[in-house]
Amino acid sequence: MVGPDKVLEFWLDRVGPKGWYNSDAALDAEIRETFLSTWEASREGKLDHWLSYPSGVLAYLIVTDQLSRNMFRDSGDAFATDAAALAIAKRAICKGWDMKIDEPTRQFFYLPLMHSENLCDQDRCIRLMVERLPETGQSNLLHAQAHREVIRQFGRFPYRNAALGRLETRAEKNYAAQGGYGFTLRQLQMDLAA
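Residues numbered from 1 in each chain as written. Predicted model: local features only at pLDDT ≥ 70, side-chain atom pairs only at ≥ 80, totals over all residues. Heavy atoms only, no water.

Q: Please explain unusual backbone geometry as it appears in this structure.
A: Glutamate 103 connects to proline 104 through a cis peptide bond whose omega is -5°. Topologically, proline 104 is positioned in the loop between helix H4 (82-95) and helix H5 (111-114). Located in the positive-phi region is aspartate 74, a residue other than glycine, with phi close to 70°. For aspartate 74, the position within the fold is in the loop between helix H3 (54-71) and H4. (Helix = DSSP H or I, 4+ residues; strand = E, 2+ residues; numbered from the N terminus.)

This is the structure:
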């Protein structure tokens, strides 16, 4: 298991903004090798001492909401700690701890809301990005709006169905055939350009 400082150094300094949203099998394998025991500790409630200060919460959110997606890409475990990340993010935001972290790193307090299959969380994510990420929020705002649109339309993220063992609806199958999330992004981009 590694500590919060190592999580932050790895994710913020080594991977950095250019690598945060890339799909890279080598990076996924390195994250799994380095951080799997830390993620497992988070599931067992053994990282609660990280939750007493803003940068510790940030490290916790990176482990439970970001690194899990790399470690378990295309499997249900990618989302297994989402509820914990969401609860901790909401608590930290209420305390104003997100504002103690500089942009663009502050976004990691809001991404658990973007990953939530709840429309109220989606709306809150967009508000927070607009209000609390004045310098860098625009880069993720379109994605936040796309996530909200998918939840508005389906009440869940259809592209998680296979990993979570959920049955697809006919509407979700049609959506996937149209291009899924990419289709939603293109529609929003056209709406903004009009």
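More follows now that the structure is in view.
Q: Looking at this structure, how should I read helix H2 (residues 25-43)?
A: Two residues of an α-helix separated by three or four positions point the same way, owing to the 3.6 residues in each turn. Taking 1.5 Å of rise per residue, the 19 residues of H2 would be expected to cover 27 Å, yet its terminal C-alpha atoms sit only 24 Å apart, more than 12% below that figure. Helix geometry: H2 is bent most strongly at phenylalanine 35, by close to 60°. Those residues of H2 lying buried are Leu27, Asp28, Ile31, Phe35, Thr38, Trp39, Ala41 and Ser42. Residue aspartate 24 occupies the N-cap position of H2, its side-chain oxygen lying 2.8 Å from the main-chain nitrogen of alanine 26. Positive backbone phi, approximately 75°, marks glycine 45, located one or two places after H2. (Expected span 1.5 Å × (residues − 1). Bend = angle between axes of the 7 residues up to and from the residue. Buried < 20%, exposed > 50% of the residue type's maximum accessible area, 1.4 Å probe, protein only. Polar contact = N/O pair within 3.5 Å; in protein donor to acceptor, adjacent residues only side chain to side chain.)

Q: How should the state of the cysteines be read in this particular structure?
A: Here a disulfide denotes a covalent bond joining the sulfur atom of one cysteine to the sulfur atom of another. Counted by the stated rule, this structure contains zero disulfides. Free cysteine cysteine 120: the closest other cysteine sulfur is in cysteine 125, separated by 13 Å. (Disulfide = S-S within 2.5 Å.)

Q: Which parts of the structure should I look at to understand helix H10 (residues 180-193)?
A: Taking 1.5 Å of rise per residue, 14 residues should cover 20 Å, and H10 covers 20 Å from first to last C-alpha, within 8% of that figure. Three or more residues of H10 are buried, namely Gly180, Tyr181, Thr184, Leu185 and Leu188. Buried residues of H10 fall within an arc of 150° about the axis and therefore sit on the same side. Seen from the buried face of H10, the exposed residues on the opposite side, beyond 90 degrees, are Met190 and Ala193. Those residues of H10 that are buried lie in contact with helix H7 (138-154) and helix H9 (170-178). (Arc of directions from axis to C-beta. Contact = heavy atoms within 4.5 Å.)

Geometric values such as these leave the question of function open.
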